[in-house]
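What follows is the residue order along each chain.
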Amino acid sequence: MRILHTADWHLGKNIEGHSRMDEQACFLADFVKIVKDEKIDLLIIAGDVYDSYNPPARAEELFYETLKQLSDGGKRLILVIAGNHDNPQRLEAPGPLARDHGILMAGVPKTIIPTGAYGQHQVVAAGEGYVELEINSERAVILLLPYPSEKRLNEVLYDLTTAEDENQKSYSDRIHSYFSQLESHFRDDTINLVTTHLFAMGSEEAGSERTIQLGGTYIVDGQCFPEKAHYIALGHIHKPQVIPGTNGRGRYAGSPIHFNRREIAYGKKCMMAEIIVDDGVTVKNEIREIDLKVYKPIEVWKCDNVDAAIARCAANADRSCWVYLEIETDHYIREDEIKKMKAHKADILEVIPRLTTLETEASLEALTEKSFGDVFKEFYRRERGTEADDEVLELLLSLVLEEDKQ
């Protein structure tokens, strides 16, 4: 069985108020091609399909159209679970229609996927937290845990634990208990998979998500996942990586595009696992990464001065990229200078001045010993490159005195 793992599409996400939908549409078109070229049997989308509970209409349209193409008339099975950015009920709502295309949706830990035909495949058994599939005459068991907030996790464990102290266990311990109770569904003759959306201890966050929870409450240990799993597909962290404590079987696929400047240091990927089980023996369990394109890179331009920044904007006017401009300057950058930059390069996200004339503690102490007039003259000389005439100084002093009277 050939399994492709992706996550954290965040459809509808912006950068500094600028839409990323065109880039996301390019990714989805290429992703459909990857899935077809790799002859994928099962696609797992491990949460955060959207960036918000109320995604824009275009984001939903892109998602549904892409699922339709990926399913190929129900020939390919697709499993989608909710992440912390998704509205679980909204994600599950198209379930009855999605079923005909071989698409399974799970919004919350208590979701039970109905058995029966899904496209050209079958859900042969299911319950809270697991599903058994028949895909092209092969059997796969998937333990699934859509984003488990503490409240949702308590709901699925409440009936399974009788002692009160059990409910006081750490979040990671409860995740371990959850999977331990479900692991009995794994068999030697099935391809055994896990998918969830959470933060595993030791993973490199790399600016991809906001701090998960104060005090690490929502962080889990990689060893809480079942040892019998052939592959563990996680979502939540945007940097592709192996999950510590899983012997290489657990992976974050990461997000498909760079969502901020802290993510540009690493490439984007999806994960492909090829697993063969024959007569109760795992013959092959090979995992490889598939590189994704960068459609509109986020770049940081460091310029020695304002004129150099304007010149660089002009030289790169026709390039498609998002830009953070860091400019060394001895004065705060004026609005007319920023307009010149943006006249050449519309996709400037932020202009960041790096002032080269910041006063030292010694010079600041000396500054307090000078008169207001002397301080103003130094400021004027630095900003304008010329001396302030007496008329300007007298006007400023008169305004200051008038303000003091009020």
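Described in the following lines is the structure provided in the data block. Bear in mind that the values here come from a model prediction, so they are computed numbers and not experimental data.

Calculation notes
Residues numbered from 1 in each chain as written. Predicted model: local features only at pLDDT ≥ 70, side-chain atom pairs only at ≥ 80, totals over all residues. Heavy atoms only, no water. Helix = DSSP H or I, 4+ residues; strand = E, 2+ residues; numbered from the N terminus. Buried < 20%, exposed > 50% of the residue type's maximum accessible area, 1.4 Å probe, protein only. Contact = heavy atoms within 4.5 Å. Areas by Shrake-Rupley, 256 points an atom, 1.4 Å probe, with all protein chains shown as cover. Pairing = 2+ DSSP bridges. Axes fitted to C-alpha atoms, helices over the stretch in contact; angles between N-to-C directions. Core = buried A, V, L, I, M, F, W, Y, C linked by side-chain atoms within 4.5 Å. Expected span 1.5 Å × (residues − 1). Right-handed = clockwise from strand over helix to strand, strands pointing away. Polar contact = N/O pair within 3.5 Å; in protein donor to acceptor, adjacent residues only side chain to side chain. Parallel < 35°, antiparallel > 145°, perpendicular 65-115°, else oblique. Nonpolar A, V, L, I, M, F, W, Y, C, P; charged D, E, K, R; others polar. Salt bridge = Lys/Arg side-chain N within 4 Å of Asp/Glu carboxyl O. Left-handed = near helix turned anticlockwise from the far one by under 90°. Phe/Tyr/Trp six-rings, centres within 6.5 Å; stacked < 30°, edge-to-face > 60°.

1. Observations concerning the overall build of the chain
Then, number 1: Of the regular secondary structure elements, the chain holds 11 helices and 21 strands.
Then, number 2: When each of the 406 residues of the chain is scored for burial, the buried share is 49%.
Then, number 3: Counted over contacts in the chain with a minimum sequence separation of 6, partners at least 24 positions apart contribute 66%.
Then, number 4: For the chain, the accessible area works out to roughly 19,800 Å², and carbon and sulfur atoms hold 48% of it.

2. Some points on the pairing of strand E21 (residues 348–355)
Then, number 1: By the bridge criterion, seven bridges tie strand E20 (residues 322–329) to E21 in an arrangement that is parallel. Bridge pairing in E21 places Tyr 324 opposite Glu 350.

3. Side note on the sheet that holds strand E5 (residues 77–81)
Then, number 1: As summarised here, the arrangement of the six strands in space is E6-E5-E4-E1-E17-E18, forming an open sheet in which the pairing is mixed. What marks the edges here is a single partner per strand, and that holds for strand E6 (103–106) and strand E18 (281–291). Neighbour-to-neighbour, the strand axes of this sheet turn through a mean angle of 15 degrees, independent of strand direction.
Then, number 2: Across the face of the sheet, helix H1 (residues 21–37) comes into contact with strand E1 (2–6), strand E4 (42–46), strand E17 (269–278) and E18 while running at roughly 160 degrees to E1.
Then, number 3: Each of E4, E5 and E6 touches helix H2 (residues 57–71); the most contacted strand, E5, lies at about 145 degrees to it.

4. What to know about the nonpolar core
Then, number 1: Grouped together as the largest cluster of nonpolar side chains are 33 residues, with contacts concentrated most on Leu 4, Phe 31, Ile 45 and Phe 63.
Then, number 2: Counting residues per element, the ones that place at least two in this core are H1, E4, H2, E5, E6 and E17.
Then, number 3: Sort the elements by how many residues they give to this core and H1 lands first, with seven residues.
Then, number 4: Apart from the residues within four sequence positions on either side, Phe 63 is in contact with Trp 9, Leu 11, Ile 45, Val 49, Tyr 50, Val 80, Leu 91 and Met 105.
Then, number 5: Ile 81, Val 131, Ala 140 and Tyr 231 belong to the second largest nonpolar core, which has 27 residues in total.

5. A short note on helix H6 (residues 171–182)
Then, number 1: The terminal C-alpha atoms of H6 lie 17 Å apart, and with 12 residues this matches the ideal 16 Å at 1.5 Å per residue to within 8%.
Then, number 2: Among the residues of H6, those classed as buried are Tyr 171, Ser 172, Arg 174, Ile 175, Ser 177, Tyr 178, Phe 179 and Leu 182.

6. Quick notes on the pairing of strand E19 (residues 298–303)
Then, number 1: As judged from the six bridges shared by E19 and E20, these two strands associate in the parallel manner. Within the sheet, the bridge partner assigned to Ile 298 lies in E20 and is Trp 322.
Then, number 2: Handedness of the crossover is the feature at issue here: the chain leaves E19, passes through helix H7 (residues 306–315), returns alongside E20, and the resulting connection is right-handed.

7. Some thoughts on the environment of Arg 76
Then, number 1: Positionally, Arg 76 belongs in the loop between H2 and E5.
Then, number 2: On the accessibility criterion, Arg 76 (7% relative accessible area) is buried.
Then, number 3: For Arg 76 and Lys 36, which are 40 residues apart along the polypeptide, the C-alpha to C-alpha distance reads 9.6 Å.
Then, number 4: Residues in contact with Arg 76, not counting those within four places in the same chain, are Val 35, Lys 36, Ile 40, Asp 41, Leu 70, Ser 71, His 101, Gly 102 and His 121.
Then, number 5: At a separation of 2.3 Å, a polar atom in the side chain of Arg 76 contacts the main-chain carbonyl oxygen of Leu 70.

8. Details of the packing of H1 against H2
Then, number 1: Interaxial distance between H1 and H2 falls to 10 Å at its minimum, and their mutual angle equals 10 degrees. Between H1 and H2, the angle falls in the class roughly parallel. Between H1 and H2, the contacting residues are Met 21, Asp 22, Ala 25, Leu 28, Phe 31, Val 32, Val 35 and Lys 36 on the first element and Arg 58, Ala 59, Leu 62, Thr 66, Gln 69 and Leu 70 on the second.
Then, number 2: In terms of residue class, the contact of H1 with H2 is built from nine nonpolar, two polar and three charged.

9. Comments concerning the pattern of salt bridges
Then, number 1: Under the criterion given, the structure shown has 24 salt bridges.
Then, number 2: Across the salt bridge formed by Glu 23 and Arg 20, the nearest N and O atoms sit 2.6 Å from each other.
Then, number 3: On the basis of relative accessible area, Arg 20 is assigned to the buried category, the value being 1%.
Then, number 4: Taken together, the shared-partner salt bridges connect Arg 2, Glu 38, Glu 274, Lys 284 and Arg 288 into one network.

10. Digging into the sheet that holds E20
Then, number 1: Judged by pairing direction, the sheet is parallel, and its three strands sit side by side in the order E19-E20-E21 without closing on themselves. Since the sheet does not close on itself, it has two edges, and those belong to E19 and E21, each with one partner. In this sheet, adjacent strand axes meet at a mean angle of 15 degrees when their direction is disregarded.
Then, number 2: Here helix H8 (residues 335–344) sits on the sheet in contact with E20 and E21, set at roughly 140 degrees to E21.

11. Here we look at the packing of H7 against H8
Then, number 1: The interhelical angle for the contact between H7 and H8, taken along N-to-C directions, is 20 degrees, at an axis separation of 7 Å. When the interaxial angle is binned, H7 and H8 end up roughly parallel. Relative to H8, the crossing made by H7 is left-handed. Every residue of H8 that contacts H7 at Val 306, Ala 309, Ile 310, Cys 313 and Ala 314 is listed here: Glu 337, Lys 340, Met 341 and His 344.

12. Describing the packing of aromatic side chains
Then, number 1: Taken as a whole, this structure holds eight aromatic pairs when the rule is applied.
Then, number 2: Residues Trp 9 and Phe 31 carry aromatic rings whose centres are separated by 5.7 Å and whose planes lie at 75 degrees to one another, so their mutual orientation is edge-to-face. Highlighted residues: Trp 9 in the loop between E1 and strand E2 (14–15) and Phe 31 in helix H1, separated in sequence by 22 residues. Accessibility assignment for this pair places Trp 9 and Phe 31 in one class, buried.
Then, number 3: When the ring of Phe 179 is compared with that of Phe 225, the centres are 5.8 Å apart and the planes differ by 50 degrees; the resulting orientation is tilted. Of the two residues, Phe 179 sits in helix H6 while Phe 225 sits in the loop between strand E13 (219–220) and strand E14 (231–235), which places them 46 residues apart along the sequence. Residues Phe 179 and Phe 225 agree in their burial class; the two are buried.
Then, number 4: These aromatic residues form a ring-pair network of at least three members: Trp 9, Phe 27, Phe 31, Tyr 50, Phe 63 and Tyr 64.

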